[in-house]
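Chain by chain, the residues run as shown.
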Amino acid sequence: MKLIDDLRSEARMAPESGIVAVANYGRGREGLIPLWAGEGDLPTPEFISQAAARGLLAGETFYTWQRGIPELRQALARYHARHFDREFAPEEFLVTGGGMQAIQLALQATAGTGDEVIYLSPAWPNFPGAAGVAGARPVAVRLDQTGNGWGCDVAKVEAAVTERTRAIFVNSPSNPTGWTADLDTLREILDLARRKDLWIIADEIYALFHYGGVRAPSLMDIMEEEDRILFVNTFSKNWAMTGWRIGWLRVHPELQQTFENLIQYSTSGVAQFMQRGAITALDEGDEFLAAQIERARQARDIACNILGATGRARFSVPQGAFYLFFSVDGIADSRAAAFEIVDRANVGLAPGTAFGEGGEAFFRLCFHRRLDQVEEAANRLAEWIRNR
């Protein structure tokens with residue numbers, strides 16, 4: 001027997017990332033423009049890093065509050081009140097080791113072996129992967145793509161519910177499609193969850209990267225206090241902090257101790273000096289964030305205009321997030337083509353095969369970069385498309 005055969009099947013069957021496979025193939029090539037990862041090209045702003053450095057130099061290197069230091073939870077309450085036009089209590093928030101741990105904790109609390117969790121596909125692969133590792137069965141419900149963009153047929157979601165379904169994962173604005181649920185769709189999903197006694201795991205990390213208004217519609221706009229909703233979020237996208245691995249959960253206050261226990265038995269909390277940087281991001285980072293959103297909007301338009309002019313790239317202009325999810329006439333296998341694009345166009349894209357059902361013929365392009373780089377990458381891709 002091989003050593004691997006003696007591991008839990010959930011660990012053995014954890015899928016390799018299709019995004020990382022292409023990134024590993026192209027990483028380090030001279031002149032390559034890497035648009036495969038879900039992050040921008042700017043380092044964390046100095047005003048955030050300096051706040052963390054001050055905490056580090058002040059000796060904030062000991063064990064600390066597992067649910068997050070009070071000052072950060074208070075800052076999270078202020079941030080939400082500012083953007084969601086209502087009051088929030090610090091007791092609603094817990095600090096996590098990134099958005100990924102927030103999702104893992106939400107899954108640990110709601111679903112396990114023999115349970116099912118529904119998610120909308122094409123989807124960021126980490127959620128179904130994490131559900132599988134937790135022992136639950138991820139169930140994909142495809143988003144619909146029409147001439148008016150991507151959409152969610154909630155009747156299809158309801159048809160996927162079984163007696164084993166425990167939760168619905170809703171990512172809006174969506175990675176990779178840019179689909180953004182309107183309030184009517186969110187009401188339908190919430191009504192379904194109420195009728196079927198299901199949890200909703202709400203991933204709204206791109207809520208402010210929304211190109212049709214100040215922010216995207218949120219379940220926070222329509223929920224009641226006792227609704228079964230767990231909100232997962234991260235500092236990564238808004239404030240260029242992907243490498244920090246710090247995020248948060250928003251839960252009903254009566255769930256605080258339960259989730260603190262889960263943090264205790266996983267990471268035992270986030271470094272206090274890192275939390276100092278996070279406070280500064282929340283309290284002083286709105287101007288930086290607004291500039292990033294505007295740059296992303298301009299980059300989106302550049303990429304759409306150049307690729308659209310080929311007449312062979314098919315896409316819906318994304319309403320939110322910072323990805324263009326597009327297909328090319330005549331290409332059915334995006335994984336093989338992504339390697340070809342690295343070789344021939346010197347551009348790195350994430351293949352749609354990495355995003356599950358409905359994504360096989362698509363590519364994901366992250367346009368959250370300098371405008372000149374996005375323009376150059378789009379021109380290289382357009383030439384590759386025309387010559388293929």
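Residues numbered from 1 in each chain as written. Predicted model: local features only at pLDDT ≥ 70, side-chain atom pairs only at ≥ 80, totals over all residues. Heavy atoms only, no water.

1. A short note on the pattern of salt bridges
Okay, step 1: Throughout the structure, instances matching the rule amount to 26 salt bridges.
Okay, step 2: Here Arg 297 ties to Asp 301 by a salt bridge, and the two come within 3.2 Å at their closest N and O atoms. Remark: Asp 301 and Arg 297 occur in helix α11 (residues 286-308); sequence separation between them is four residues, near one turn of the helix.
Okay, step 3: Under the relative-accessibility criterion, Arg 297 is labelled partly exposed at 29%.
Okay, step 4: In this structure, Asp 372 and Arg 370 form a salt bridge, with 2.9 Å as the shortest nitrogen-oxygen distance.
Okay, step 5: Residue class for Asp 372 comes out partly exposed when judged on its relative accessible area of 44%.
Okay, step 6: Given the relative accessible area of 40%, Arg 370 is considered partly exposed. (Salt bridge = Lys/Arg side-chain N within 4 Å of Asp/Glu carboxyl O. Helix = DSSP H or I, 4+ residues; strand = E, 2+ residues; numbered from the N terminus. Buried < 20%, exposed > 50% of the residue type's maximum accessible area, 1.4 Å probe, protein only.)

2. Overview of the pairing of strand β10 (residues 247-250)
Okay, step 1: Of the two faces of β10, the one holding Gly 247 and Leu 249 and the one holding Trp 248 and Arg 250 are both buried throughout.
Okay, step 2: In the sheet, strand β9 (residues 229-234) pairs with β10 via four bridges, with the strands oriented antiparallel. Its bridge partner lying in β10, Thr 234 is registered against Gly 247. (Pairing = 2+ DSSP bridges.)

3. Here we look at helix α8 (residues 183-196)
In an α-helix, one full turn covers 3.6 residues, which means residues spaced three or four apart are oriented alike.
Okay, step 1: Here α8 is 14 residues long and its end C-alpha atoms lie 20 Å apart, about the 20 Å a rise of 1.5 Å per residue gives.
Okay, step 2: Considering only its buried residues, α8 is in contact with α7 (154-159), β7 (165-171), β8 (199-203) and β9.
Okay, step 3: A positive backbone phi angle near 55 degrees is found at Asp 197, which sits one or two residues after α8. (Expected span 1.5 Å × (residues − 1). Contact = heavy atoms within 4.5 Å.)

4. What to know about the sheet that holds strand β15 (residues 362-366)
Okay, step 1: Taken in spatial order, the four strands line up as β11-β12-β15-β14 in an open sheet, and their pairing is antiparallel. In this open sheet, the two strands that pair with only one neighbour each are β11 (313-315) and β14 (350-351).
Okay, step 2: Across the sheet, helix α12 (residues 334-345) lies against β14 and β15, angled at about 45 degrees from β15, the strand it touches most. (Axes fitted to C-alpha atoms, helices over the stretch in contact; angles between N-to-C directions.)

5. Concerning the nonpolar core
Okay, step 1: Residues Leu 72, Phe 235, Trp 239, Ile 246 and Phe 326 are the most contacted members of the largest nonpolar core, which totals 104 residues.
Okay, step 2: If you tally residues by element for this core, the top one is α11, at eight residues.
Okay, step 3: Of all hydrophobic cores here, the second largest spans 26 residues; its members include Ala 102, Ala 123, Leu 230 and Val 251. (Core = buried A, V, L, I, M, F, W, Y, C linked by side-chain atoms within 4.5 Å.)

6. With respect to unusual backbone geometry
Okay, step 1: With omega at 5 degrees, the peptide bond leading from Ser 121 into Pro 122 counts as cis.
Okay, step 2: Looking at the element boundaries, Pro 122 is found in the loop between β3 (116-121) and α6 (126-133).
Okay, step 3: In this structure, Asp 197 takes a positive phi of about 55 degrees despite not being glycine.
Okay, step 4: Along the polypeptide, Asp 197 turns up in the loop between α8 and β8.
Okay, step 5: You can call Asp 197 partly exposed: its relative accessible area is 47%.
Okay, step 6: Here Ser 268, not a glycine, exhibits a phi torsion of approximately 60 degrees, which is positive.

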